[in-house]
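Report on the structure
Given next are the chains, with one letter for each unit.
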Amino acid sequence: MPVILEKKEKQTVKTHKIEKQEIFIGRGKENDIIIPVSSISHKHAKIFKKGDKYYIEDLKSSNGIFINKKRIVLSRISSGDEIYLGNYKIVFLEEEEREDKTVVLSDKQLIKELEIKTGERRSYIPFILGGLSLILAFFLIYFVGFRKGIEKEKVISEDVSHRRTENSIEDIILKGREVYENAILFRNVGREEEAKESLEMALTYFDEALIMNPENKVAIKYKELIKDFEMTQGEKVEKKEPEILKKKQEILSKIEETYLEAKTYEKEGKKKEAFTKYKEVIENYQEIKAIPLEREPEKKTQEIFDNSKEFVVVSMFEQNFYSLKNEFEKIKKLRESPNVFSSYKEVEKFLDKAQKLLDRNRGLKSNMIFKLEEIIKEAEGIKREIKSWIDKEREEAERYYHEGILYESVKNYAKALEKWKTALEKAPKEDVELINKIKEKISKYE
C-alpha cells in the first residue's frame, strides 16, 4: 500500500497510508493529511491515482509544490520522490516501509541528540576551516565573473536592436516547455479543459521566444509539437465519433440553407418569417458547437450565428420596445388620476422595467434605443411631478408629525401624542408609509 512520509531532517516523523483514490493535504482539518505548518496552505495539494500511476496536483497554494527543485502544477510521482510543500518535505513510497524505520523523536531524545552533537563539536573544526576556504574561493570567482558580467551588459545595452539576452530566451522556452509538459499530464488524466489552456499558454511562450529570435530551433520545434498534438487529438475524435461528425456536417449544411432563407425573407421585408428562420439557425448552432470541425466551416458558421443572433436580439428588443411604448401611453394618463400614491408606484414600476430593457440592449444598432431613452426621460419627469403632489398632500400631516418629535425630545409625551394623533387624522389614507410611521410613535407612548 502506498504511503506518504513526513520527514524532519533524515528522520520520518509520521507515516500516512493512501487508502483512497484521491487524498488532500493541507493545514485545514477537512484534509486527509493535516500538516499544521504555516508555510502550507489550508488546502495545499491533492494526490490521486489514474490507472496504475499516481499524480500530485497543486491546489493554487501560496508557496507551491516542488519536485527535484522544480515547481510543478501537476506531476506524476514515483516511489521515493521527495516532494516539498513550500519548505516542508514529504516522501512518496509505493510500498510501506517497515515500522522500525519510522522514528518519532520525543523531546528527551531531541535534547539527548543535541547534547551528543554539541559534545562532538571540536571534531568538526577541520571541516569548518575547509568550508571557510571554499567560501573565500567562491567569492573571488564570483567577483571576477561579476566584473565580466558588467562589461558584457554594457555591450548589450549599447545595441538597441538586442534588448533581450539569449538567457532570457532560454528562460521563456523553459517556461513554455514546463507548461507543455503540464498539458500532456492533464490530457493523460482526462482533464481536457486544463490541457487546452496549458497548450495555449505554452504557445504564447514559444511565440514570444520567436519574436526575440525568429530562427530559434527549439521554439520552432515545440510549436510543431503543439500543432501535431492538437491534430492528433482531432483525429482521435474523428475516429471515435464518425457518426456524430457526419450528423454535425448535415446540421452545418442545414444552417447555411436556413440562413439563406432568412436573409431572403429579411430583404423582402417579411420580418416575422425572417425572425423564425434566424431563430432556427441559432438553435442548430447550439447543437454543433461541441464538436470540432474544419477551421474554415467553423469560422463561417460563427459568422452566420453572430448575424442571426444580432437580428433575433434586435427583433426581440423592438417587440419589447413597442409593448413598453403602449404601456407608456397609460403612464401619461396617470397625471389625471386622483390617487397620486398608486400612480407614483406605477410610474416607479414602469421606469424600473424600461431601465432594465435599456441596460440589456444598450450596445444594439437600433434607432429604438434613442427612443427608449427619450421615453425614460419623460417618465422621470412624470414621476417628479407626481412626487410634488404627494409632498403637498402630506405636508400638513408631516408638520404635525415633526412637532410631535420636538415635544418627544423635551420629554413632553402627552403633547407629543396629541400632535401625532392630529397628524394621523391629516395623513392621506393612501399614504401607508406615513400612516405606519405615525402609528409606531403613538403605540410607543400610549
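Quick look at the structure, then. For clarity, every value in this text was computed on a predicted model and none was experimentally measured.

On inspection of all chains with the given rule, the structure shows 26 salt bridges. Salt-bridge contacts for Lys-20 lead to Asp-32; the nearest nitrogen and oxygen are separated by 2.6 Å. Residue Lys-20 is found in the loop between β2 (11-17) and β3 (22-26), and its partner Asp-32 is found in the loop between β3 and β4 (33-34); the two are separated by twelve residues along the sequence. You can call Lys-20 partly exposed: its relative accessible area is 47%. Residue Asp-32 is classed as partly exposed on the basis of its relative accessible area, which comes to 34%. Close ionic contact of Lys-46 with Glu-22 constitutes a salt bridge, the shortest N to O distance being 3.8 Å. Taken together, the residues span a long stretch of sequence, with Lys-46 in strand β5 (residues 45-50) and Glu-22 in strand β3 at a distance of 24 residues. For Glu-22, a relative accessible area of 34% gives the class partly exposed.

Here we take up the layout of surface pockets. The space that makes up the second largest pocket amounts to roughly 590 Å³. What lines the second largest pocket is a set of 26 residues, and nearest its centre among them are Ile-72, Val-73, Leu-74, Asn-182 and Phe-186. Those elements giving two or more residues to the lining of the second largest pocket turn out to be β6 (53-58), β8 (70-72), β9 (74-77), α3 (166-188) and α4 (192-212). Ranked by residues supplied to the lining of the second largest pocket, first place goes to α3 with seven residues. In terms of residue class, the lining of the second largest pocket is made up of ten nonpolar, four polar and twelve charged.

The next point concerns the sheet that holds β3. The strand order β4-β3-β5-β6-β9 describes an open sheet built from five strands, whose pairing is mixed. Unpaired on one side and paired on the other, β4 and β9 mark the two borders of the sheet. Looking at chain direction, β5 and β6 are connected through six bridges and run antiparallel. Looking at the pairing, Lys-50 lines up with Lys-53 of β6.

Moving on, we come to the pairing of β3. Taken together, the four bridges between β3 and β5 define a ladder with antiparallel strand orientation. Directly across from Phe-24, in β5, lies its bridge partner Lys-46. Direction of pairing for β3 relative to β4: parallel, over a ladder of two bridges. Its bridge partner lying in β4, Gly-26 is registered against Ile-34.

To continue, consider helix α11 (residues 413-426). Over its 14 residues, α11 runs 20 Å from end to end, which matches the ideal 20 Å to within 8%, given 1.5 Å per residue. Residues Ala-416, Leu-417, Lys-419, Trp-420 and Ala-423 constitute the buried set of α11. Taken end-on, α11 shows its buried residues confined to a sector of 165 degrees, consistent with a single buried face. Opposite the buried face of α11, at more than 90 degrees from it, the exposed residues are Ala-414 and Glu-425. On the buried face of α11, the contacting elements are α10 (368-409) and α12 (432-445).

Let's shift gears to the packing of aromatic side chains. Two numbers describe a pair of aromatic rings. These are the distance of the centres and the angle of the planes. Tallied over the full model, the rule gives twelve aromatic pairs. With 4.9 Å between their ring centres and 15 degrees between their planes, Phe-206 and Tyr-222 make a pair best called stacked. Here Phe-206, found in helix α4, pairs with Tyr-222, found in helix α5 (residues 217-240); they are 16 residues apart in sequence, far enough to count as distant. For the pair shown, Phe-206 and Tyr-222 are each scored as buried. A ring pair is formed by Tyr-278 and Phe-311, whose centres lie 4.5 Å apart and whose planes are at 40 degrees; its orientation type is tilted. Here the residue Tyr-278 occupies a position in helix α7 (residues 271-288), and Phe-311 occupies one in helix α8 (residues 295-333), the gap between them amounting to 33 residues. Phe-311 matches Tyr-278 in its accessibility class, with the two residues each being buried. Through a chain of ring-to-ring contacts, the aromatic side chains of Tyr-180, Phe-206 and Tyr-222 assemble into a single cluster. For the cation-ring pair, Lys-43 lies above Phe-24, with the distance from its terminal atom to the ring centre recorded as 4.7 Å. The residue whose ring lies beneath Arg-399 is Tyr-400, and the NZ or CZ to ring-centre distance is 4.9 Å.

Reading across the sheet, the six strands line up as β2-β1-β11-β10-β7-β8 and stay open at both edges, with antiparallel pairing between neighbours. Single-partner strands in this sheet number two, and they are β2 and β8. Across the sheet, the mean angle from the axis of one strand to that of its neighbour is 35 degrees, orientation sign disregarded. In this sheet, β8 lies alongside strand β7 (residues 65-67) in antiparallel orientation, the contact comprising three bridges. Paired with Ile-67 across the bridge in β8 is Lys-70.

Among the nonpolar cores identified, the biggest contains 24 residues, and Phe-328, Ile-331, Val-347, Phe-350, Leu-372 and Ile-386 are the most heavily contacted of them. Residues within four places of Ile-386 in sequence aside, it is in contact with Val-340, Ser-343, Tyr-344 and Val-347. The next biggest cluster of nonpolar side chains, apart from the first, holds 20 residues, and it includes Ile-4, Ile-33, Ile-47 and Ile-83.

At their nearest, the axes of helix α9 (residues 340-360) and α10 sit 9 Å apart, and the two run at 155 degrees to each other. In this view, α9 runs roughly antiparallel relative to α10, as classed from their interaxial angle. Viewed along their axes, α9 and α10 form a crossing whose handedness is left-handed. Each residue belonging to the contact of α9 with α10 can be placed in one class, and the counts come to 18 nonpolar, two polar and six charged.

For the pair α10 and α12, interaxial distance at closest approach is 11 Å and the crossing angle is 25 degrees. Classed by the angle they form, the pair α10 and α12 counts as roughly parallel. Crossing geometry of α10 relative to α12 is assigned as left-handed. Residues Arg-394, Ala-397, Glu-398, Tyr-401, Ile-405 and Glu-408 of α10 form the contact with α12, whose own contacting residues are Leu-434, Lys-437, Ile-438, Lys-441, Lys-444 and Tyr-445. For the contact of α10 with α12, the residue count by class is six nonpolar, no polar and six charged.

Calculation criteria
Every chain begins its residue count from 1, and numbering advances along the sequence as written. Per-residue local features are limited, in this predicted model, to residues with pLDDT of at least 70; the limit for side-chain atom pairs, both in listing and counting, is 80 or more; totals at the level of whole chains, interfaces and linings are taken over all residues. Hydrogens and waters are ignored; side-chain quantities use all the structure's heavy atoms. The salt bridge definition used is simple: a Lys or Arg side-chain nitrogen within 4 Å of an Asp or Glu carboxyl oxygen. Where helices and strands are cited, they refer to DSSP runs of H or I of at least four residues and of E of at least two residues respectively, numbered from the N terminus. Only protein chains enter the accessibility calculation, which uses a 1.4 Å probe; a residue whose area is less than 20% of its type maximum is buried, one above 50% is exposed, and one in between is partly exposed. Grid spacing is 1 Å over the protein atoms alone, the probe is 1.4 Å, and a cavity is where that probe fits but cannot get out, while a pocket is an open set with protein on both sides within 12 Å along at least five of seven lines and lining residues have an atom within 4 Å of a point. Grid points are joined across faces, edges and corners, and a volume is the space filled by probe spheres set on the points. Residue polarity follows a fixed list, in which Ala, Val, Leu, Ile, Met, Phe, Trp, Tyr, Cys and Pro are nonpolar, Asp, Glu, Lys and Arg are charged, and the others, Gly among them, are polar. Strand pairing follows a simple DSSP-based rule, namely that at least 2 bridges must link the two strands. For a helix, the expected span equals 1.5 Å multiplied by the number of residues minus one. The arc refers to the directions leading from the helix axis to the C-beta atoms. Contacts are assigned to residue pairs with any non-hydrogen atoms lying within 4.5 Å of each other. Pairing of aromatic rings covers Phe, Tyr and Trp, the last through its six-membered ring, and needs centres within 6.5 Å; plane angles under 30 degrees mean stacked, over 60 mean edge-to-face, and all others mean tilted. Here, a charge over a ring means that NZ of Lys or CZ of Arg falls within 6 Å of the ring centre while also lying within 35 degrees of the ring normal. Lines fitted to C-alpha atoms define the axes, with helix axes restricted to the stretch in contact, and inter-axis angles between N-to-C directions lie between 0 and 180 degrees. To qualify as a nonpolar core, a set must consist of buried Ala, Val, Leu, Ile, Met, Phe, Trp, Tyr and Cys residues joined through side-chain atoms within 4.5 Å. Between 65 and 115 degrees an angle is taken as roughly perpendicular, under 35 as roughly parallel, over 145 as roughly antiparallel, and anywhere else as oblique. What makes a crossing left-handed is the near helix being turned counterclockwise from the far one by less than a right angle; a clockwise turn instead makes it right-handed.

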